[in-house]
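Residue-level structural notes
Chain by chain, the residues:
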Amino acid sequence: MVSAREAAASVVDPEIRVITIDELGILRAVEEDSTTGRVTVTITPTYTGCPAMDVIRTDIRRALAVAGHLDAEVRTVYSPPWSTDWISESGRAKLVAAGIAPPAPVPTAGVVPLTLAVRCPQCGSPETEQVSRFGSTACKALWRCRSCSEPFDHLKAL
Ligand SMILES: [Zn+2]
């Protein structure tokens with residue numbers, strides 16, 4: 001039997017389909033009561049304005065049911081707030097592979113200028129510019145590479 005943790009972690013983000021909610025850092029905890037078998041999943045929403053959380057909740061319940069965990073509750077916690085720093089290394093690699101520039105780690109103490117942040121996922125060039133603050137979803141901005149002139153989505157840093 002697939003564990004509740006594995007089942008919940010396998011759920012894919014409905015907006016960025018290449019990455020799981022575990023890799024995205026949305027999945028905070030999966031607890032299973034050893035007596036009753038009841039599963040409690042805790043998630044933290046990403047960007048406000050992303051209407052994906054209802055879909056994610058439904059997908060988690062479905063994945064748990066398929067794995068045999070029929071008694072499940074999905075809780076949402078807002079504190080601490082989700083940050084793009086919670087995206088795992090493997091998640092970042094998958095974003096690049098899908099042509100989405102991952103958000104840069106939030107600079108500490110403001111040392112790193114934000115203009116260094118976005119690299120072209122096609123050729124790796126840092127010579128990029130923002131075309132539009134809004135890409136294919138509210139979470140993404142549309143950027144273009146000045147080296148290879150390819151447009152790409154950039155997941156906004158939070
Ligand atoms: Zn490029």
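Preceding this paragraph is the structure being described.
Before going into details, it helps to say that this report is about the structure given with it. For clarity, every value in this text was computed on a predicted model and none was experimentally measured. (Residues numbered from 1 in each chain as written. Predicted model: local features only at pLDDT ≥ 70, side-chain atom pairs only at ≥ 80, totals over all residues. Heavy atoms only, no water.)

1. Focus: the overall build of the chain
Summing up its helical and strand segments, the chain has four helices and seven strands in all. When the helices and strands of the chain are listed from N to C terminus, the series reads α-α-β-β-α-β-α-β-β-β-β. Scored against the burial criterion, the 158 residues of the chain give a buried share of 42%. Once local pairs closer than 6 in sequence are excluded, the contacts in the chain between residues at least 24 apart make up 48%. Carbon and sulfur atoms form 55% of the exposed surface of the chain, whose accessible area is close to 8,600 Å². (Helix = DSSP H or I, 4+ residues; strand = E, 2+ residues; numbered from the N terminus. Buried < 20%, exposed > 50% of the residue type's maximum accessible area, 1.4 Å probe, protein only. Contact = heavy atoms within 4.5 Å. Areas by Shrake-Rupley, 256 points an atom, 1.4 Å probe, with all protein chains shown as cover.)

2. A short note on unusual backbone geometry
Along the chain, Ser-79 connects to Pro-80 via a cis peptide bond; the corresponding omega equals 0 degrees. On the secondary structure map, Pro-80 appears in the loop between strand E3 (72-76) and helix H4 (89-97). With a phi close to 55 degrees, Ser-149 is a non-glycine residue in the positive phi region.

3. What about the coordination of the zinc ion?
Protein-derived ligands of the zinc ion are Cys-120 (SG), Cys-123 (SG), Cys-145 (SG) and Cys-148 (SG), with the metal-ligand distances lying across 2.2 to 2.4 Å. Angles of 103 to 119 degrees at the metal separate the four donor atoms of the zinc ion, which places the site in the tetrahedral class. Given a relative accessible area of 3%, Cys-120 falls into the buried group. Classification of Cys-148 by relative accessible area gives partly exposed; the value is 27%. (Donors = N, O, S within 2.8 Å, 3.2 Å for Na, K, Ca; no water. Tetrahedral: all angles 85-135°; square planar, octahedral: opposite > 155°, others 65-115°.)

Geometric values such as these leave the question of function open.
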